[in-house]
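The primary structure of each chain is shown beneath.
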Amino acid sequence: MSVPAFRAIAETGLPVPRFVSLGSSEVNVRVGPGKRYPISWVFVRSGWPVEIIAEYEHWRQIRDIEGETGWVHRNLLSGRRTILVTEDPRPLYEDPKEDSEVLLLAEPGVQGKLLQCDGEWCQVEIAGNEGWLRANQFYGVYANEKIR
């Protein structure tokens, strides 16, 4: 996933799109921005990374890893950045280079905390282990995104 060429600044002053995580273990995703809109589905995994693609008052339109979109109240989201390992098992390296020690092999679907990125490698925490993954091996960052 690449960083959009144009990132708008929303009414909150934050860029859109941007990654956040679910801040609750039960998050109702609605078809529109308000409680009067029906619930499309319910996330039941706190910390799951999602992308905010629009804002309307206290509501955020999100997109998940599968590309599904819906509206969530801002109180159910967290600014904490998390990741989701994708496709194949991914080695978590001790240092940001492939010839360093492998700390663990993260299976697809494993969540972790995003600590920093240099555009190519990201330092993450998975199961209490801090290490490095290539930025293109998980969901939760844009291509070439730098995070300190």
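Quick caveat: nothing in here was measured; it's all calculated off a predicted structure. (Residues numbered from 1 in each chain as written. Predicted model: local features only at pLDDT ≥ 70, side-chain atom pairs only at ≥ 80, totals over all residues. Heavy atoms only, no water.)

## Some words on the pairing of strand β15 (residues 129-134)
Direction of pairing for strand β14 (residues 121-126) relative to β15: antiparallel, over a ladder of 6 bridges. Within β15, the position partnered with Q123 by the bridge is W132. Connecting β14 to the antiparallel partner β15 that follows it, the hairpin turn spans 2 residues, and A127 within it adopts a positive phi of roughly 50 degrees. (Pairing = 2+ DSSP bridges. Helix = DSSP H or I, 4+ residues; strand = E, 2+ residues; numbered from the N terminus.)

## Description of the packing of aromatic side chains
In total, this model carries 4 aromatic pairs according to the counting rule given. Centre to centre, the rings of F19 and Y139 are 5.2 Å apart; their planes meet at 90 degrees, and the pair counts as edge-to-face. Remark: Y139 occurs in strand β16 (residues 138-139) and F19 occurs in strand β3 (residues 18-22); sequence separation between them is 120 residues. No difference in accessibility class separates F19 from Y139, as the two residues are buried. When the ring of W41 is compared with that of F43, the centres are 5.8 Å apart and the planes differ by 75 degrees; the resulting orientation is edge-to-face. An aromatic cluster is present here, built from F19, Y139 and Y142 joined pairwise through their rings. (Phe/Tyr/Trp six-rings, centres within 6.5 Å; stacked < 30°, edge-to-face > 60°. Buried < 20%, exposed > 50% of the residue type's maximum accessible area, 1.4 Å probe, protein only.)

## Quick notes on the confidence of the model for the protein chain
The pLDDT averaged across the protein chain works out to 93; a share of 93% of its residues lies at or above 70. Counted against residues more than four places away or in other chains, residues 1-6, with its pLDDT under 50, gives 13 contacts. (pLDDT = per-residue confidence, 0-100. Contact = heavy atoms within 4.5 Å.)

## Some points on the state of the cysteines
If you walk through the whole model with that rule in mind, you get 1 disulfide. The disulfide partner of C117 is C122, and the gap between their sulfur atoms is 2.0 Å. Because the torsion about its S-S bond is 110 degrees, the bridge between C117 and C122 counts as right-handed. With respect to burial, C117 and C122 carry one shared label: buried. (Disulfide = S-S within 2.5 Å.)

## Brief notes about the pattern of salt bridges
Per the counting criterion, the structure on display carries 7 salt bridges. Two residues, R90 and E87, come together in a salt bridge whose shortest N-O distance is 3.8 Å. One salt bridge connects E120 with R134, and the closest N-O pair in it is separated by 2.6 Å. Of this pair, E120 sits in the loop between β13 (111-118) and β14 while R134 sits in strand β15, placing them 14 residues apart in sequence. By relative accessible area, R134 is classed as partly exposed at 22%. (Salt bridge = Lys/Arg side-chain N within 4 Å of Asp/Glu carboxyl O.)

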